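# Structural overview for review
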Amino acid sequence: MCIHLADPRVGLCFTAAEWTFPHTELQALNYRVFRDLWGRGYHLTSGLKYGGDFLVYPGDPCLVHSHYVAIVLPWQQPIRDLVALGRLGAKVKKNVLLCSVDPQGAVQYCTLHWAGF
């Protein structure tokens, strides 16, 4: 997509560069997960502050707390420290939502909830 912006009032003309997003496979995975969750009615914000990719809200983020911290992983990538992910969710008082896209293109989810003993 190329956009040409012109403002004859000030004599400026800008031609924007072509948008080639996503650049990487991980960006494409993040986009697929974002689009799927948004389509299911969730609201999303950045999850970097909580150690994830997204915070997932069941409604308007100004009115409700997030229920999940979403972590996007490539399909069949080994999860090296499942306990650490569970503890992350417990520490920030959220469920961890592991997200990936399977070979058929469907987004798959797995929720972790730290029960503690």
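Here's a quick rundown of the structure. It should be emphasised that the depicted structure is a prediction, and the values quoted were computed from it without experimental measurement.

Let us now look at the sheet that holds strand E3 (residues 43–46). The mixed open sheet is built from five strands, whose spatial order is E3-E4-E5-E6-E7. Where the open sheet ends on each side, the last strands, each with one partner, are E3 and strand E7 (107–112). With direction set aside, neighbouring strand axes in the sheet form an average angle of 30°. As paired strands, strand E6 (residues 95–101) and E7 are joined by six bridges and run antiparallel to one another. Within the sheet, the bridge partner assigned to Val-96 lies in E7 and is Leu-112.

Across the five residues of strand E5 (residues 68–72), four count as buried, placing the element largely inside the fold. Two elements, strand E4 (residues 54–57) and E5, share three bridges in a ladder whose sense is antiparallel. Within E5, the residue paired with Phe-54 across the bridge is Ala-70. For the crossover from E5 across helix H2 (residues 82–91) to E6, the handedness is right-handed.

Mapped onto the elements of the fold, Lys-94 is located in the loop between H2 and E6. There is no salt bridge for the buried Lys-94, and the closest opposite charge comes from Asp-60, which lies 14 Å off by N-O distance. A distance of 3.1 Å separates the side chain of Lys-94 from the side chain of Ser-66, its partner in a polar contact.

Tallying each qualifying case throughout the model produces two aromatic pairs. Ring centres 6.2 Å apart and planes at 5° place the aromatic pair Phe-34 and Trp-38 in the stacked group. Of this pair, Phe-34 and Trp-38 both sit in helix H1 (residues 25–39), four residues apart, which is roughly one turn of the helix. Here Trp-38 falls in the partly exposed class, since its relative accessible area comes to 47%. Taking 5.7 Å as the distance between ring centres and 55° as the angle between the ring planes, the aromatic pair formed by Phe-34 and Phe-54 counts as tilted. Within this pair, whereas Phe-34 is found in helix H1, its partner Phe-54 is found in strand E4, the two being separated by 20 residues in sequence.

Looking now at the pattern of salt bridges. Going through the model one piece at a time under the given rule, you end up with one salt bridge. Ionic pairing is found between Asp-36 and Arg-40, a salt bridge with its closest N-O pair at 2.8 Å. Exposure remark for Arg-40: the relative accessible area of 53% places this residue in the exposed category.

Leu-29, Val-33, Leu-37, Leu-44, Phe-54, Val-56, Ala-70, Val-72, Leu-97, Cys-99, Val-101 and Val-107 together form the largest nonpolar core, which totals twelve residues. For this core, the secondary structure elements donating two or more residues are H1, E4, E5 and E6. If we skip the residues at most four places from it in the chain, Val-72 touches Leu-26, Leu-29, Asn-30, Val-33, Asp-53, Phe-54 and Cys-99. Listed in part, the nine residues of the second largest apolar core include Tyr-57, Leu-85, Val-96 and Leu-112.

Cut-offs applied
Residues numbered from 1 in each chain as written. Predicted model: local features only at pLDDT ≥ 70, side-chain atom pairs only at ≥ 80, totals over all residues. Heavy atoms only, no water. Pairing = 2+ DSSP bridges. Helix = DSSP H or I, 4+ residues; strand = E, 2+ residues; numbered from the N terminus. Axes fitted to C-alpha atoms, helices over the stretch in contact; angles between N-to-C directions. Buried < 20%, exposed > 50% of the residue type's maximum accessible area, 1.4 Å probe, protein only. Right-handed = clockwise from strand over helix to strand, strands pointing away. Lys, Arg positive; Asp, Glu negative; His and termini not counted. Salt bridge = Lys/Arg side-chain N within 4 Å of Asp/Glu carboxyl O. Polar contact = N/O pair within 3.5 Å; in protein donor to acceptor, adjacent residues only side chain to side chain. Phe/Tyr/Trp six-rings, centres within 6.5 Å; stacked < 30°, edge-to-face > 60°. Core = buried A, V, L, I, M, F, W, Y, C linked by side-chain atoms within 4.5 Å. Contact = heavy atoms within 4.5 Å.

The values are spatial; any link to function lies outside them.
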